Amino acid sequence: VGFTDADRRRAKELIARYPHGRSALLPLLHLAQDRDGWVTPEAMEEIAGLLDMTPALVLGTCSFYTMLKREPVGKLIVSVCTNVSCLVNGGPSLFEGLRARYAEDDDVFVEEVECLAACDLAPVMQVNYEYHGPLTTETAVDVIEQYQRGELVARTVSGTTVGAKGGST
Amino acid sequence: MAVEETRIVTKFLRTREKDSWTFEAARKHNKAYSALEKALKMDPAKIVEEVQTSGLRGRGGAGFGTGQKWSFLPKDIFPRYLAVNADEGEPSTFKDHMLIERDPHQIIEGAAITAFAIQAHHAFIYIRGEFGLGAERLQQAVEDAYANGFLGTNILGSGFDLELIVHRGAGCYIAGDETGLLSSLEGERAMPRIKPPFPAVQGLYAAPTVVNNIETMSTIPHIIRRGGKWYAGMGVNKSTGTRIFSVSGMVERPGNYEVELGMTFRDLIEGLAGGVRGGKAMKFFIPGGASAPWLLPEHLDEPLDMDRASELRTMLGSGAIMVFDQSVDPLLVSWRLAKFFAHESCGKCTPCREGSGWIDKVLYRMAHGLGRPDDLDLLLDFGNNIVPGLNAPFAQTTICALGPSTMSHVVSLERCFGAEIRARLAREHAQRAALEVVSA
């Protein structure tokens, strides 16, 4: 379905925040993705109309950014870091373990990502952009299942948890 | 004597873990916005001067003088913009992440003071898209600041207006480059732009723009409160004040440590972060984020001094220190970094777009027992087209620093482990050749 009136009102608010409307492109793409779970071609056309751009230009920007998905990815986005600090702390096996575990599951999208800026939690993953770490495949599956059951999962605050004991008092 | 942190920017967030990000706690227990009140009564030029006196250098990676950067804005050209760089993505850096989640009011106060100093009425905080909680807390903090008259029109009756917008990125390393950030903020692909013109002259919407890092912004209120001279009294040589170092990898206590510059790598890594995990021996460490050339255990007694780091042909960069023990294969680390840079190369400049992919491919086979005897030399040969001379400070054939970063770890391989790697490549190649004879 296309943008509703409420979506369009929100879009116009976002555009009005900027001295130049086109700056609202990323916020509008986020808006579309938050609504549909991914950025649909229809949404890109809608955004093009709102910003007086061609849909191709919208796609050009959209396709540059890894968080913006151009196909359905399921309800849970599980992002596992394998960059160096995670590499030497078991990140690759965490990623492979989760990828194998959820290979057939359309609702859990496991992706390998670059450094998530939480290396004190290595190996670290995000579930729908909430941080969890340090993890083994077993504890990671545990966390993912909590999300699947709709339980309230405790949020990780940078530099305050067990893994990130450095410097905290 | 035990090694200790010198907490200035991180003091409040460490002492009030449970509510340091809230407006009420920041006001009541950290005098938030009192430096803004003071600054608004000052002459903007005096603020720039004070920051120049402090010797504060940008905490994002390049280490350029903050006050000096502000002073480059051409006179009498308006509007001007402030863009705060919260797109923290340099591998193993996680200090801004902590500052955003746990002390957003300090950032907003610093940004407001900076905007007043440079007479900008629009400021943007470009926050990394993946920082979900960070964006939420920062947005809430901005709304609280508006509601209490610290942002918006006629701030505290001074006649100064400032609109501050939290802008979320969408997953892209190169948006952390200052001109890449501006492209992204304009709704484009985050491709860096050629300099000159520098952002101070033609930045956002082709108007004069200052781009500053989150930690830099967080430091400004302290300099205004206590004076540039006080800040310059800390640190060493031209590296004044304190810095937050993110220590990670194979250490006992990974984490963020704010220390006075001039402390040794040894005190930071062994004294504060507990040394290599399990008491093992260190093989090497990376002193300033993935883009920084590597150092060896013999460098542990060197000071945390930006200029000394340049003499050692590396940099303190973003303040991320990665530690590796003897069990780590440097080729594997190098390949993973190559893969990172190949993924994040924006594709604008040919040497980086093509070169980063080739470095990834060649290092993959080297790290996985399939290397050819002359592979290291092959890398150095074509890498010379990205970084002519192959020596830090790196010359570059690309617009931004991602180009040289693709070669930084390769240069480090040669510098730290050249003989070891050549011998290994030759050995592995001979073993494969022997196997081929047997199977034939």
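Refer to the preceding data block for the structure.
Read on for a plain summary of the structure. All figures in this text were calculated on a predicted structure; none of them were measured in a lab. (Residues numbered from 1 in each chain as written. Chains lettered and ligands numbered in written order. Predicted model: local features only at pLDDT ≥ 70, side-chain atom pairs only at ≥ 80, totals over all residues. Heavy atoms only, no water.)

Residue-level contacts link 66 residues of chain B with 50 residues of chain A. Approximately 4700 Å² of surface area, both sides summed, lies buried where chain B meets chain A, with 55% of it carried by carbon and sulfur atoms. Of all residues in chain B, the largest losses of buried area upon contact with chain A belong to A170, R189 and R336 of chain B, amounting jointly to 14% of the total for that side. The tally of links between chain B and chain A comes to four salt bridges. Residues R336 of chain B and E114 of chain A are paired through a salt bridge, measuring 3.0 Å at the closest nitrogen-oxygen approach. Where chain B meets chain A, there are 28 residue pairs in polar contact (both at pLDDT 80 or more). Per element, the largest residue contribution to the side of chain B that touches chain A is eight residues, and it comes from helix α14 (residues 330-344) of chain B. When its residues are assigned to classes, the side of chain B that touches chain A shows 27 nonpolar, 17 polar and 22 charged. (Contact = heavy atoms within 4.5 Å. Buried area = accessible area lost by both parts, 1.4 Å probe. Salt bridge = Lys/Arg side-chain N within 4 Å of Asp/Glu carboxyl O. Polar contact = N/O pair within 3.5 Å; in protein donor to acceptor, adjacent residues only side chain to side chain. Helix = DSSP H or I, 4+ residues; strand = E, 2+ residues; numbered from the N terminus. Nonpolar A, V, L, I, M, F, W, Y, C, P; charged D, E, K, R; others polar.)

Among the structural elements, L425 of chain B can be located in helix α17 (residues 402-439). If we skip the residues at most four places from it in the chain, L425 of chain B touches M366, G371, R372, P373, D375 and L376 of chain B.

According to the stated counting rule, one finds zero disulfides over all chains in the structure shown. Free cysteine: C62 of chain A, not disulfide-bonded; nearest cysteine sulfur from C172 of chain B at 13 Å. In this structure C115 of chain A is not part of a disulfide, and its nearest cysteine sulfur, from C119 of chain A, lies 3.7 Å away. With relative accessibility at 4%, the residue C115 of chain A sits in the buried group. (Disulfide = S-S within 2.5 Å. Buried < 20%, exposed > 50% of the residue type's maximum accessible area, 1.4 Å probe, protein only.)

The next point concerns the sheet that holds strand β2 (residues 108-113) of chain A. Residue and element names in this part refer to chain A. Taken together, the four strands give an open sheet; going across it, the order is β2-β1-β3-β4, and neighbouring strands pair in mixed fashion. Looking at which strands have only one partner, the edges of the open sheet turn out to be β2 and β4 (130-132). Sheet twist, expressed as the average angle between the axes of neighbouring strands with direction ignored, equals 25 degrees. Relative to β2, strand β1 (residues 76-81) runs parallel, the two being bridged by six bridges. Pairing of L76 across the sheet is with V108, part of β2. Where helix α7 (residues 137-148) meets the sheet, it contacts β1, β2, β3 (125-127) and β4, and its direction lies at approximately 10 degrees from that of β3. (Pairing = 2+ DSSP bridges. Axes fitted to C-alpha atoms, helices over the stretch in contact; angles between N-to-C directions.)

Cis geometry is adopted by the peptide bond preceding P134 of chain A, which originates at G133 of chain A and carries an omega value of -10 degrees. Relative to the elements of secondary structure, P134 of chain A occurs in the loop between β4 and α7. Of note, the amide linkage connecting F78 of chain B to P79 of chain B takes the cis form, showing an omega dihedral of 0 degrees. If you trace the backbone, P79 of chain B turns up in the loop between α5 (66-71) and β1 (81-86). The backbone of Y33 of chain B sits at a positive phi, close to 75 degrees, despite the residue not being glycine. Relative to the elements of secondary structure, Y33 of chain B occurs in the loop between α2 (23-30) and α3 (34-40).

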